[in-house]
Amino acid sequence: MTDTETTTAVRNHSMDLYRVVALLFVVVGHWMAASLTYSDGGFWRDNPLVDMPWTQWLTWIFQVVPVFFVVAGYASAVSWAHRSVAESRQEWLRRRLVRPIGPTAVYIVFALVVVAVLRGVGVAGSELDFGAWAVAMHLWFLGIYVLVVALTPVAVAAHRRWGLWVPVAMTVAIAAIDVATIGAHLQYVGWLNYLLVWGLLYQLGIAWYDGKLRGWVPVALALCSAIVLVLLVTVGPYPVSMIGVPGAVVDNTGPPNLALLSLGYVEAGVVLAAVPAVNSLLKSARVQRFLVIANDNVMALYLWHMVPVVIVALAGYPTGLLPQPTLGTAAWWWFRLGWVAILAVVAAVELALLWWGRRLFSAPLPTIPVGIPLWLGEAFLFAGTVAIAVTMSVFAALGFAPGGRFPVAVSIGFFVGVALVALAPTGRRRTRA
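Cut-offs and rules
Residues numbered from 1 in each chain as written. Predicted model: local features only at pLDDT ≥ 70, side-chain atom pairs only at ≥ 80, totals over all residues. Heavy atoms only, no water. Helix = DSSP H or I, 4+ residues; strand = E, 2+ residues; numbered from the N terminus. Expected span 1.5 Å × (residues − 1). Buried < 20%, exposed > 50% of the residue type's maximum accessible area, 1.4 Å probe, protein only. Contact = heavy atoms within 4.5 Å. Pairing = 2+ DSSP bridges. Salt bridge = Lys/Arg side-chain N within 4 Å of Asp/Glu carboxyl O. Axes fitted to C-alpha atoms, helices over the stretch in contact; angles between N-to-C directions. Parallel < 35°, antiparallel > 145°, perpendicular 65-115°, else oblique. Left-handed = near helix turned anticlockwise from the far one by under 90°. Phe/Tyr/Trp six-rings, centres within 6.5 Å; stacked < 30°, edge-to-face > 60°. Lys NZ or Arg CZ within 6 Å of the ring centre and 35° of its normal. Polar contact = N/O pair within 3.5 Å; in protein donor to acceptor, adjacent residues only side chain to side chain.

### What to know about helix H19 (residues 408–422)
Thought 1: The end-to-end C-alpha separation of H19 is 21 Å, in line with the 21 Å expected for 15 residues at 1.5 Å each.
Thought 2: Buried residues of H19: Ser411, Phe414, Gly417, Val418, Leu420, Val421 and Ala422, and no others.
Thought 3: For H19, the elements touching its buried residues are helix H5 (89–120), strand E3 (368–370), helix H18 (374–398) and strand E4 (423–425).

What follows is the structure in structure tokens.
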């Protein structure tokens, strides 16, 4: 799902490392937070962030999705700048979008088929609801990702015209939306921040590629943002946790707000300031080959990483093979490490199977040449991307079996979006100058 066609001359190996590390942190964070118990014939979920509030500070370590969006912006800027003269904007967008959409569609089909089978054999609605949500909740990330990728030409053009004033203006807009949502309780206005916050971090990657975030600038960004972040969660109305906590009045991630953006600025400043030093450590050809392999597989790991949680829980808890220590005890903390280790082994087997079947599981979405006007093809491309982003967000929020029912309408919306993205016009076009 990354642009491996980037030439060696412009490839930045630190960005490859950041992408892998960021997604690994997210995966491990999800595994650590998956604290399950089994009693009375059913699964129950403990929430350490609620029962042990001090653990909310740990979310500052594991909430590293901002780093991924910075890297994604950089990678898209490189690819956009080095596209061939013969490639149109629409062709470039479709090429970039079919890469993540193809494997994601396969995953969603797999999940929906499993849900249909389990409903058919009579699995209880409540258990199906929870399990189907657990393997869908991380899809919000991919929904926003395809949306910001589709807006890359706009983001690049805005940067060329206004430079760093673009993220400045977006920051002001995000703060204004927070005032509307937190102060005036206009909750629906806050949904705009899903695009603004993650789009702003994507914009930082574009700015870094263009040389605007070098030298002392990222250091100053990290330091100033750290001060603002501390003030926001101590004096301001924002909670400490950088992931959602049940019962919280304000949620820093749903939708994202100024506090999460401040954390993202800190992370962006730190990783961008460290780029020269990190690149100096990645000069070995062996290390670079490892990074290529890791980047080819890390998105598959992210997409499928909650499946091992379901497998291990079903195999280990009802049978009594896995212990159930009391939340917060030393035994519970030790078992968190064992739990992650078990999941890592299962995930390694899963990745081996995904690699074996990579022609299906890792293949880009096939395109379908159709004789439609170019403008209609581009309209279909954007409409399909929006449909995919919206439906994946719904899957993430409600799961693949909300209330134990099959999500017919959302599934149709997703696959309509996939079909629209796949339609590639065959009409004549002007060559880009």
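### Structural notes on the pairing of strand E1 (residues 35–39)
The two faces of the sheet receive side chains in turn, since in a regular strand these alternate between them.
Thought 1: Note that E1 and strand E2 (residues 42–46) share 5 bridges and pair antiparallel. By the bridge assignment for E2, Thr37 is matched with Trp44.
Thought 2: Here E1 hands over to E2 after 2 residues, with Asp40 in that stretch at a positive phi of 55 degrees.

### As for unusual backbone geometry
Excluding glycine, a negative phi dihedral is what most residues carry, and trans is how most peptide bonds are arranged.
Thought 1: The omega angle of the peptide bond from Gly254 to Pro255 is 0 degrees, so this bond is cis rather than trans.
Thought 2: Relative to the elements of secondary structure, Pro255 occurs in the loop between helix H11 (217–234) and helix H12 (258–273).
Thought 3: Unusually for a residue other than glycine, His185 sits at a positive phi of about 60 degrees.
Thought 4: Positionally, His185 belongs in the loop between helix H9 (165–183) and helix H10 (192–209).
Thought 5: Classification of His185 by relative accessible area gives exposed; the value is 59%.

### So, the pattern of salt bridges
Thought 1: One pass over the structure, following the stated rule, counts 4 salt bridges.
Thought 2: Glu378 is paired through a salt bridge with Arg89; the nearest N and O atoms lie 2.8 Å apart. Residue Glu378 is found in helix H18, and its partner Arg89 is found in helix H5; the two are separated by 289 residues along the sequence.
Thought 3: With its nearest N and O atoms 3.0 Å apart, the salt bridge here joins Asp210 to Lys212.
Thought 4: You can call Lys212 partly exposed: its relative accessible area is 36%.

### What about the packing of helix H4 (residues 65–81) against H10?
A pair of packed helices can be characterised by two numbers: the angle between their axes and the separation between those axes.
Thought 1: Running from N to C, H4 and H10 point in directions that differ by 50 degrees, and their axes come no closer than 7 Å. Considering the angle they form, H4 stands oblique to H10. Every pair of crossing elements has a handedness; the one defined by H4 and H10 is right-handed. Residues Val65, Pro66, Phe69, Val70, Ala72, Gly73, Tyr74, Ser76, Ala77, Val78 and Ala81 of H4 pack against Trp198, Leu201, Tyr202, Leu204, Gly205, Ile206, Trp208 and Tyr209 of H10.

### Description of the environment of Ala72
Thought 1: Secondary-structure assignment places Ala72 in helix H4.
Thought 2: Given a relative accessible area of 6%, Ala72 falls into the buried group.
Thought 3: Spatially, the C-alpha atoms of Ala72 and Gly205 are 6.9 Å apart, while their sequence positions differ by 133 residues.
Thought 4: With near-sequence residues (within four places) excluded, Ala72 lies in contact with Tyr145 and Tyr202.

### What to know about the packing of aromatic side chains
Thought 1: Counted according to the given criterion, the structure contains 26 aromatic pairs.
Thought 2: Seen in terms of ring centroids, Phe69 and Phe141 are 5.7 Å apart; in terms of plane orientation they differ by 75 degrees. Their pairing is edge-to-face. Of the two residues, Phe69 sits in helix H4 while Phe141 sits in helix H7 (residues 140–150), which places them 72 residues apart along the sequence.
Thought 3: Taking the relative accessible area as the measure of exposure, Phe141 reaches 0% and is therefore buried.
Thought 4: Counting every residue linked through ring pairs, the aromatic cluster contains Phe68, Phe69, Trp140, Phe141, Tyr145, Trp198 and Tyr302.
Thought 5: The ring of Trp80 carries the charged tip of Arg83 above its face, separated from the ring centre by 3.7 Å.
Thought 6: Over the aromatic face of Trp355 sits the side chain of Arg358, whose NZ or CZ is 4.1 Å from the ring centroid.

### Quick notes on H12
Thought 1: Its 16 residues place the ends of H12 22 Å apart at the C-alpha level, agreeing with the 22 Å of an ideal helix rising 1.5 Å per residue.
Thought 2: With 14 of 16 residues buried, H12 is to be regarded as a mostly interior element.
Thought 3: With a side-chain oxygen lying 3.1 Å from the backbone nitrogen of Ala259, the N-terminal cap of H12 falls on Asn257.

### Quick word on the side chain of His13
Thought 1: Within the fold, His13 resides in helix H1 (residues 13–33).
Thought 2: Accessibility expressed as a relative area gives 15% for His13, which makes it buried.
Thought 3: When neighbours within four sequence positions are excluded, His13 is seen to be in contact with Asn279, Leu282, Gln288 and Leu291.

### Let's talk about the side chain of Asn257
Thought 1: In this fold, Asn257 is placed in the loop between H11 and H12.
Thought 2: Of note is the side chain of Asn257, whose polar atom sits 3.0 Å from the side chain of Asn252.
Thought 3: When near neighbours in sequence (up to four residues on either side) are disregarded, Asn257 contacts Ile174, Asp178, Asn193, Val197, Tyr238, Val250, Asp251 and Asn252.

### Re the environment of Leu97
Thought 1: Turning to its location among the elements, Leu97 is positioned in helix H5.
Thought 2: Note: C-alpha distance between Leu97 and Ala150 (53 residues apart in sequence) is 7.4 Å.
Thought 3: Setting aside its immediate chain neighbours within four residues, Leu97 contacts Val146, Val149, Ala150, Leu381 and Thr385.

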